[in-house]
Amino acid sequence: KAGVTQTPRYLIKTRGQQVTLSCSPISGHRSVSWYQQTPGQGLQFLFEYFSETQRNKGNFPGRFSGRQFSNSRSEMNVSTLELGDSALYLCASREGPNQPQHFGDGTRLSIL
Amino acid sequence: AQSVAQPEDQVNVAEGNPLTVKCTYSVSGNPYLFWYVQYPNRGLQFLLKYITGDNLVKGSYGFEAEFNKSQTSFHLKKPSALVSDSALYFCAVRDPASGGSYIPTFGRGTSLIVHP
């Protein structure tokens, strides 16, 4: 099976812009989670989608949003970008709640 | 509530020596525990998990971890370290008694450096 695929791998934006990141989970995985990884804060949970519904949400402002499509592919959107949004954004999918998460290689977002 | 701690930001070990990366957790019930590894510019890769059963869990790349309920620990170990094991290691815990939340909590990560 193909792994979790995230596109694009690298992105450069300026403050105030918005961005959309894409994630294709492993075939058959209906749960998709998003994380933000920074050197200072570590790995922080953004949200989880299951069968097109947001099931859990982390402590991030409303500028961060996501959605999941019927084929389980997911997108996350960040509006009004700030310098502090520069990070590696990771997507993970899993087969069930007791199963490990499988991560993509991430999208590295740099805000100028 | 669930939490996990990795008390060491960095662990240094010589190639060929045994390595240990520490993890302690806090949950209200019996934990589900996971170890992941992250290489530069890559996502996290699953190494091993403990759900129930034998306290010694064997995983990928020769790694193993021991679940110790009395010490609430789940330390990652390898008998003989390789330079290629140098990476960032994450411990994660999920409390199955957490109701509708199926999200694990990750530690801050431990950087393992194996010296030739």
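Before reading further, recall that the structure is shown in the block above.
Not measured: the values here are computed from a predicted model. (Residues numbered from 1 in each chain as written. Chains lettered and ligands numbered in written order. Predicted model: local features only at pLDDT ≥ 70, side-chain atom pairs only at ≥ 80, totals over all residues. Heavy atoms only, no water.)

1. Considerations on the packing of aromatic side chains
All names here are of chain B. Tallied over the full model, the rule gives 14 aromatic pairs over all chains. Arranged with centres 6.4 Å apart and planes meeting at 35 degrees, the rings of Phe34 and Tyr36 form a pair that is tilted. Exposure remark for Phe34: the relative accessible area of 3% places this residue in the buried category. Each ring, one from Tyr36 and one from Phe106, has its centre 5.5 Å from the other, and the planes form 50 degrees; the classification is tilted. Within this pair, whereas Tyr36 is found in strand 5 (residues 32-38), its partner Phe106 is found in strand 11 (residues 105-106), the two being separated by 70 residues in sequence. Look at Tyr36 and you get buried, because its relative accessible area is 1%. (Phe/Tyr/Trp six-rings, centres within 6.5 Å; stacked < 30°, edge-to-face > 60°. Buried < 20%, exposed > 50% of the residue type's maximum accessible area, 1.4 Å probe, protein only. Helix = DSSP H or I, 4+ residues; strand = E, 2+ residues; numbered from the N terminus.)

2. Here's the deal with unusual backbone geometry
Note that the residue after Thr7(A), namely Pro8(A), is joined by a cis bond; omega there is -10 degrees. Positive phi, close to 80 degrees, is recorded for Ser72(A), a residue that is not glycine. Tracing the sequence through the fold places Ser72(A) in the loop between strand 7 (64-68) and strand 8 (74-78). Overall, the relative accessible area of 12% leaves Ser72(A) in the buried class. Unlike most non-glycine residues, Thr72(B) shows phi in positive territory, near 45 degrees. When you line up the elements, Thr72(B) lands in the loop between strand 8 (64-68) and strand 9 (73-78). Here Thr72(B) falls in the partly exposed class, since its relative accessible area comes to 31%.

3. A short note on the side chain of Gln36(A)
Residues and elements named next belong to chain A. For Gln36, the position within the fold is in strand 4 (residues 31-38). On the accessibility criterion, Gln36 (5% relative accessible area) is buried. The contact partners of Gln36, leaving out residues within four places of it in the chain, are Gly42, Leu43, Gln44, Leu46, Phe60, Phe64, Gly84, Asp85, Ala87, Leu88 and Tyr89. (Contact = heavy atoms within 4.5 Å.)

4. Points about the interface of chain A and chain B
Each partner contributes to the interface: chain A provides 25 residues, whereas chain B provides 21 residues. When the two sides are added together, the surface that chain A and chain B hide from each other amounts to roughly 1800 Å², 51% of it contributed by carbon and sulfur. It is Leu43(A), Asn98(A) and Pro100(A) in chain A that bury the most area against chain B; as a group they hold 26% of the surface buried on that side. Counting across the interface, chain A meets chain B through one salt bridge. Run the count over chain A and chain B and you get eight residue pairs in polar contact (both at pLDDT 80 or more). The element contributing the most residues to the side of chain A that touches chain B is strand 5 (residues 42-50) of chain A, with four residues. By residue class, the composition of the side of chain A that touches chain B is nine nonpolar, ten polar and six charged. (Buried area = accessible area lost by both parts, 1.4 Å probe. Salt bridge = Lys/Arg side-chain N within 4 Å of Asp/Glu carboxyl O. Polar contact = N/O pair within 3.5 Å; in protein donor to acceptor, adjacent residues only side chain to side chain. Nonpolar A, V, L, I, M, F, W, Y, C, P; charged D, E, K, R; others polar.)

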